[in-house]
Each structure stands twice: as structure tokens, then as C-alpha cells.
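# Chain and residue survey
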Amino acid sequence: MRTNQSTRVGKRNLLIQLSGIPLALLLCGSLYAQPANDDCATANVVTPSAPTPPYSDSVDASGATLDPADPLLACNGAGDNDGNQTVWWVYTPDASGEVDISTVGSTTAGDAELDTAHGVFTGSCGELVPVACVDQGLTDHLNIEVEAGTTYYIKVGQFLGANDAGTIVLNV
């Protein structure tokens with residue numbers, strides 16, 4: 001009798017252990033999920049009226065990836081390594097003029113200030129043309145002239161291939 005009881009308990013424990021595996025994978029997977037704007041084609045949309053009022057968006061980039069087909073940021077070191085965690089925004093301004101695009105407020109996974117590099121492109125995903133790029137310090141400011149109705153893609157990466165992104169903030 002005792003053997004049957006322990007077998008039943010053993011089976012129940014086994015079922016509990018096995019049923020917990022998918023749950024654990026699901027929970028871990030959601031902790032490191034790719035952000036919605038991980039690729040150029042799914043870029044977050046910047047409000048067309050920016051910078052009036054100012055636009056700010058933050059994303060958890062800890063699960064972001066780098067698409068090898070994306071253009072690299074020429075200003076980032078030798079221009080050959082944007083890290084493995086990049087994110088995208090798309091901006092079609094309502095008015096022409098100068099805008100300041102910054103990453104002030106971006107942090108590493110450990111909540112330190114994140115050393116970013118970011119660039120602006122025109123064209124379409126897969127056929128982007130560089131407009132401007134900046135990597136002057138930890139959280140850079142990129143001042144560019146924009147033309148109303150022109151679509152600009154903004155890529156944010158990390159300095160010299162770092163891979164410790166936490167939250168990336170884009171301000172326009």
C-alpha cells in the first residue's frame with residue numbers, strides 16, 4: 001500500500017514539476033521579450049507635431065536585437081558595431097525646422113547612464129539613406145533640420161557594441 005501511495009504522490013509531484021516548466025519558460029520569455037520597435041518596420045511613431053509639444057518615449061530594450069540587414073551608425077566608433085540591442089522610431093514632422101533628438105534618460109540594465117549612439121535616415125526600411133549621426137557622449141543630442149512631410153527613421157544603438165541596454169529613452 002505504501003508503495004502505491006508514494007507512487008501516486010510521486011506522479012503528482014512529477015506532474016506539478018512538468019506543468020511548471022512551460023510556466024517558467026513563459027515567465028522568463030516575457031522578461032526578455034523584444035520591444036515592439038526592435039525592427040525598422042515596426043518603429044514606434046513620433047508625434048508629427050514634435051517638438052511642439054515635446055515628445056518622449058521610453059522602451060525596455062533589454063530584449064532588443066540587431067538586424068544584420070540594418071544600416072550601421074557611421075559615427076559609432078569605426079562604424080562597424082552598434083551592439084546587439086537597437087531600437088527604432090519613425091518621424092514625419094508636420095512642420096520644417098530644426099529639431100533636437102536626444103537619448104537623455106536612457107539607462108543600462110543596472111540603472112547606470114547608458115552610452116548611446118543614434119542616427120537619422122530617410123528612405124524606407126531596407127533602403128535607408130543616412131542623414132545624420134551622433135556619438136559624442138553618454139546620452140547624445142542630435143540637432144538636424146527636418147522638412148515637413150519627409151519620413152525620418154531614427155535608430156538608437158549603443159557605443160562600440162555594448163550589450164547592456166535597459167531603458168532607452170528618445171526625446172524630440
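Presented here is a report on the structure given in the accompanying data block. Treat the numbers as computed from the prediction; the structure is a model and nothing was measured. (Residues numbered from 1 in each chain as written. Predicted model: local features only at pLDDT ≥ 70, side-chain atom pairs only at ≥ 80, totals over all residues. Heavy atoms only, no water.)

### Re the state of the cysteines
Here the structure, examined in full by the defined rule, presents two disulfides. One disulfide in the model links Cys40 with Cys125; its S-S distance is 2.1 Å. Here the S-S torsion is close to -80°, and the disulfide linking Cys40 with Cys125 is therefore left-handed. Of this pair, Cys40 sits in the loop between helix 1 (2-31) and strand 1 (44-45) while Cys125 sits in the loop between strand 6 (116-124) and strand 7 (127-134), placing them 85 residues apart in sequence. We classify Cys40 as buried; its relative accessible area is 5%. Accessibility expressed as a relative area gives 30% for Cys125, which makes it partly exposed. The disulfide partner of Cys75 is Cys133, and the gap between their sulfur atoms is 1.9 Å. Its torsion about the S-S bond being -55°, the disulfide of Cys75 and Cys133 is classed as left-handed. Note that Cys75 is positioned in the loop between strand 2 (56-60) and strand 3 (87-91) and Cys133 in strand 7, a separation of 58 residues in sequence. Accessibility expressed as a relative area gives 23% for Cys75, which makes it partly exposed. (Disulfide = S-S within 2.5 Å. Helix = DSSP H or I, 4+ residues; strand = E, 2+ residues; numbered from the N terminus. Buried < 20%, exposed > 50% of the residue type's maximum accessible area, 1.4 Å probe, protein only.)

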